[in-house]
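Breakdown of the fold
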Amino acid sequence: MSNAGWKKTACNICYVNCGVEVLVEEDRIVKVRGDRDNPKSRGYLCNKAARIPFYAHHRDRLTTPLRRRPDGGFDAIDWDTAIAEIAAWLRDVVDRHGGKSIALYGGGGQGNHAGGAYATGFLRALGSRHVFNALSQEKTGDFWVNGHLFGSQTCHTAEDVHHCDLLFVIGANPWIAHGFPNARDHLNQIRKDPARKLIVIDPRRTETAEMADLHLAVRPGADAFLLGAILATLVRRDALDHDFLTERTMGLSEVTEALLRIPVAQWAAAADISLEQIERCADMISEARAMTVRVELGIQQGVNSTLNSYLEKLLIMLTGSFGRPGTNQLHSWLMPLWGNSPNQQFSATGTEVIGGLLPPNILPQAVLNDHPDRLRAVWIDSSNPANTAANTAEVEKALAALDLCVVVDVAMTETARLAHYVLPASSQYEKTEFTLFNFEFPKNFFHVRAGVVPSLQGTLPEPEIYTRLARALGLLPGDNALAPLREAAFHSRPAFAQALRAFMGANPQNSAVGALVLYHTLGATLPDGTAAAAPLWQAAQACARRSPDAVRRALGPDGSVADADLGDALFDAIVGTRSGAAITEHSYEDVWSLVSHPDRKVHLAITPLLEWLGRLDPAATRTPNDYPFVLAAGQRRMFNANQIFRDPAWRREDPDGALLISTRDLKELGASDGDWIAVRSPAGGRVVVRCKTDDSLRQGQLALPHGYGQSYPTRDGERLSNGPRVNALTDSGNCDPIAATPYHKHVTVRLERLPESEAAVFEERSRRIHGA
Ligand SMILES: Nc1nc2c(c(=O)[nH]1)N[C@H]1C(S)=C(S)[C@@H](COP(=O)(O)OP(=O)(O)OC[C@H]3O[C@@H](n4cnc5c(=O)[nH]c(N)nc54)[C@H](O)[C@@H]3O)O[C@H]1N2
Ligand SMILES: Nc1nc2c(c(=O)[nH]1)N[C@H]1C(S)=C(S)[C@@H](COP(=O)(O)OP(=O)(O)OC[C@H]3O[C@@H](n4cnc5c(=O)[nH]c(N)nc54)[C@H](O)[C@@H]3O)O[C@H]1N2
Ligand code: SF4
Ligand SMILES: [Mo]
């Protein structure tokens with residue numbers, strides 16, 4: 001693998017995962033360009049992709065397993081010692097408290113889901129299904145709504161932005177954050193075409209709102225009022241798609257009755273949007289031939305988030321903007337990224353499990369309460385909850401209270417610093433990877449990447465880590481026992497399928513680690529060292545069974561095989577190319593086959609949410625006097641990217657992660673642009689940040705960036721934290737009542753000027769972090 005040259009892989013910086021080619025010299029990535037052969041992104045890149053080398057190669061990569069000492073420092077230990085000790089400790093936790101006292105946190109970030117199957121399998125083999133991850137910090141309210149509307153929480157709406165003539169963006173900033181492929185190209189095309197329109201609902205005049213035909217600068221946290229008023233206006237005008245609603249949905253009258261009760265003028269005022277603007281919005285919706293609605297954290301991490309998700313779907317459904325070119329759709333899955341878990345509860349906290357996931361907001365309570373089913377061990381893989389989960393102080397307390405905390409990561413994160421053991425993973429460019437963020441319709445894609453540089457010395461890819469642990473715990477048989485399966489895999493797929501069935505029949509205890517069994521058997525036969533992709537074999541079979549026509553269309557001539565061989569053909573297609581491949585190509589009408597309700601209809605009436613709508617109180621949109629500002633805690637910017645980059649040098653601008661504030665608010669405070677200022681929240685947090693005027697914000701609204709607060713060794717070796725640890729300000733109780741997802745876009749805070757002496761300390765620290 002050490003040969004130099006251009007290699008195909010993907011960008012791991014956001015969940016769009018554009019195809020890239022990287023130039024490798026002396027085992028390092030030195031240049032990045034778009035991969036025109038990638039059938040999804042076709043060469044597209046944004047400004048961040050060029051910075052991939054800062055993720056792949058930096059001086060804070062982990063290179064050896066670490067064990068924490070009682071004094072809080074770490075000792076480097078070898079892999080065999082680490083595996084043996086961790087295995088013994090896990091065995092002890094299981095013996096004393098049962099497997100269910102263990103939880104997995106993570107299982108993949110923006111580009112690395114290959115390890116997730118191995119981590120979850122390992123957890124199941126230990127006897128637990130408790131998984132926390134980032135999806136349950138943002139999307140589980142949406143999944144819950146989808147479960148009711150479509151019959152399964154894995155039914156997920158996609159956007160056909162390509163063909164829409166009205167793009168309706170709510171609480172998202174795709175120019176900066178993307179969220180759908182080639183976002184900037186699409187936004188530019190819509191702007192240039194007079195026949196295509198853009199509506200944006202966002203309190204801030206964002207880069208995307210700047211391009212809009214209509215920007216509704218909603219009062220922060222008042223989306224439910226605004227969406228309710230828009231929907232009520234559509235119902236009053238009878239601007240609904242009755243043919244669609246009659247043929248494809250049920251429960252309409254319950255919904256329209258609830259919407260007709262909305263006092264439109266009062267709710268418009270609560271949202272601080274004029275009735276004229278609401279009428280104009282309704283006109284644009286009625287005039288559109290094909291509307292696509294695109295939402296993200298502005299409503300999913302905003303006040304009333306699960307209700308917002310419901311109102312968003314009602315907007316789609318009542319206008320019939322579904323299942324046609326240019327509208328919203330459901331999409332196929334090669335392998336669903338989350339599960340379907342209606343009516344399941346986590347006993348230690350009574351929290352609803354949605355999409356098979358537990359919300360990070362309840363992690364502190366799940367560890368720190370005295371319920372007998374509380375968590376005793378947390379296994380953290382590809383996540384940095386000490387920076388990214390609500391209420392940093394409580395998260396740190398919970399992690400410190402665990403019997404066992406293990407972190408698997410590529411870098412020494414703030415979470416790793418609190419773990420008992422830290423295991424160094426190979427980076428996403430050093431091993432086989434893929435992502436399950438495949439949300440396209442009518443054509444959906446999958447990309448298996450091979451390593452492009454050798455693993456950093458001392459690190460291991462996740463499948464190897466879980467192999468060693470599983471073997472140490474007696475959960476996975478040794479290589480000799482698997483040899484016959486491997487031979488069968490080299491012989492033929494049918495021989496392998498038969499041998500695997502026989503093996504699993506004889507060894508049912510190994511079914512939880514089925515991914516590892518496939519990795520060590522079928523994996524050995526895969527091209528370019530992509531053994532870690534072996535578990536996709538079963539996913540491909542299932543996908544081919546679910547949507548055979550769509551798979552055949554996607555495969556073209558390669559799909560002309562017997563039904564029984566179609567799954568293998570699909571699997572071979574995805575493991576056989578380094579640029580990604582189409583996995584399904586649907587007709588629009590196929591959308592109805594993806595609805596899970598047996599009647600294939602959309603069930604519109606969700607009684608608890610209609611009741612919630614009925615209880616909404618416009619007075620609740622006011623901020624408390626002692627915390628008069630509304631902070632959007634975690635804005636996406638040109639140079640942030642979750643916790644993916646640790647070296648501050650990766651940024652071309654905004655080195656300190658500034659607090660954005662309107663000129664008027666800053667003036668009233670008596671402060672100036674560039675001053676250091678303290679932000680205080682009711683959760684007890686205090687964060688010192690540099691402020692920067694930004695008049696795209698509403699008065700009273702503030703924004704702090706996501707993706708800062710990582711510590712990194714300065715040139716003189718001291719570790720310093722760069723930019724705000726924004727979750728020091730957030731409160732895990734400030735969350736959705738159904739999904740427990742955080743209201744991060746709505747953190748009430750107050751601002752305090754700093755004494756000069758303290759400001760000087762921060763100024764000096766910033767200088768040192770940035771190497772001046
Ligand atoms: N550059 C960059 N891109 C990223 C990421 C990154 O870290 N950096 N992270 C990726 C990830 S994991 C995700 S989930 C996505 C998130 O992508 P987005 O959700 O698009 O990004 P955000 O900036 O978090 O929030 C979107 C918008 O919500 C608005 N907002 C704030 N309060 C409200 C409100 O009350 N109502 C409404 N309607 N809007 C409000 C903000 O002004 C902001 O413009 O971005 C992905 N892409
Ligand atoms: N206040 C506030 N908090 C937020 C948000 C917000 O807007 N505001 N946004 C939320 C959202 S939308 C998200 S998605 C989450 C993200 O929060 P997290 O779930 O913590 O995920 P990331 O920030 O992407 O961190 C990924 C971690 O994976 C590590 N990593 C990278 N590559 C590999 C690899 O190959 N193997 C392993 N084992 N590890 C690897 C990185 O070093 C990093 O530590 O943050 C959430 N938190
Ligand atoms: S859109 Fe996302 S995946 Fe594509 S280049 Fe930009 S950061 Fe990377
Ligand atoms: Mo996210």
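In this text, all values refer to a predicted model and were calculated from it rather than measured experimentally.

Once that is clear, we can look at the packing of aromatic side chains. Here a ring pair, both rings aromatic, is described through the centre-centre distance and the interplanar angle of the planes. Applying the stated criterion across every chain yields a total of 23 aromatic pairs. Ring geometry for F150 versus F322: centroids 5.7 Å apart, planes at 20°, classification stacked. Of this pair, F150 sits in helix α4 (residues 140-150) while F322 sits in the loop between α13 (305-318) and β14 (328-330), placing them 172 residues apart in sequence. Comparing F150 with F322, the two get one shared label, buried. Aromatic ring contacts, followed pair by pair, group Y15, F143, W333, W338, F437 and F439 into a single cluster.

A negative phi holds for most residues other than glycine; trans holds for most peptide bonds. Look at the link from F441 to P442: it is a cis peptide, with omega at 0°. Looking at where P442 falls in the secondary structure, it is placed in the loop between β19 (421-424) and β20 (443-446). Located in the positive-phi region is D528, a residue other than glycine, with phi close to 55°. At N642, a residue that is not glycine, the phi angle is positive and equals roughly 40°. Of note, N642 is situated in the loop between β23 (629-635) and β24 (659-661).

Pairing between side chains becomes possible if they bear opposite charge and their charged atoms approach one another. A full pass over the atoms with the stated rule returns 49 salt bridges. We note a salt bridge from R294 to E159, for which the minimum N-O separation is 3.1 Å. Note that R294 is positioned in strand β13 (residues 291-295) and E159 in strand β8 (residues 157-159), a separation of 135 residues in sequence. Summarising the burial analysis for this pair, R294 and E159 share the class buried. Two residues, K397 and E394, come together in a salt bridge whose shortest N-O distance is 3.3 Å. Highlighted residues: K397 and E394, both in helix α16 (residues 392-401), separated by three residues, approximately one helical turn. With relative accessibility at 25%, the residue E394 sits in the partly exposed group. One network of salt bridges, in which partners are shared, links K8, E21, R33, D35 and D37.

This next bit is on the side chain of T157. Within the secondary structure, T157 is located in strand β8. Polar side-chain contacts of T157 include one of 2.8 Å to the side chain of K313. Here T157 is in contact with N146, F150, E312, K313, F322, Q329 and L330, once residues within four sequence places are set aside.

Calculation notes
Residues numbered from 1 in each chain as written. Chains lettered and ligands numbered in written order. Predicted model: local features only at pLDDT ≥ 70, side-chain atom pairs only at ≥ 80, totals over all residues. Heavy atoms only, no water. Phe/Tyr/Trp six-rings, centres within 6.5 Å; stacked < 30°, edge-to-face > 60°. Helix = DSSP H or I, 4+ residues; strand = E, 2+ residues; numbered from the N terminus. Buried < 20%, exposed > 50% of the residue type's maximum accessible area, 1.4 Å probe, protein only. Salt bridge = Lys/Arg side-chain N within 4 Å of Asp/Glu carboxyl O. Polar contact = N/O pair within 3.5 Å; in protein donor to acceptor, adjacent residues only side chain to side chain. Contact = heavy atoms within 4.5 Å.

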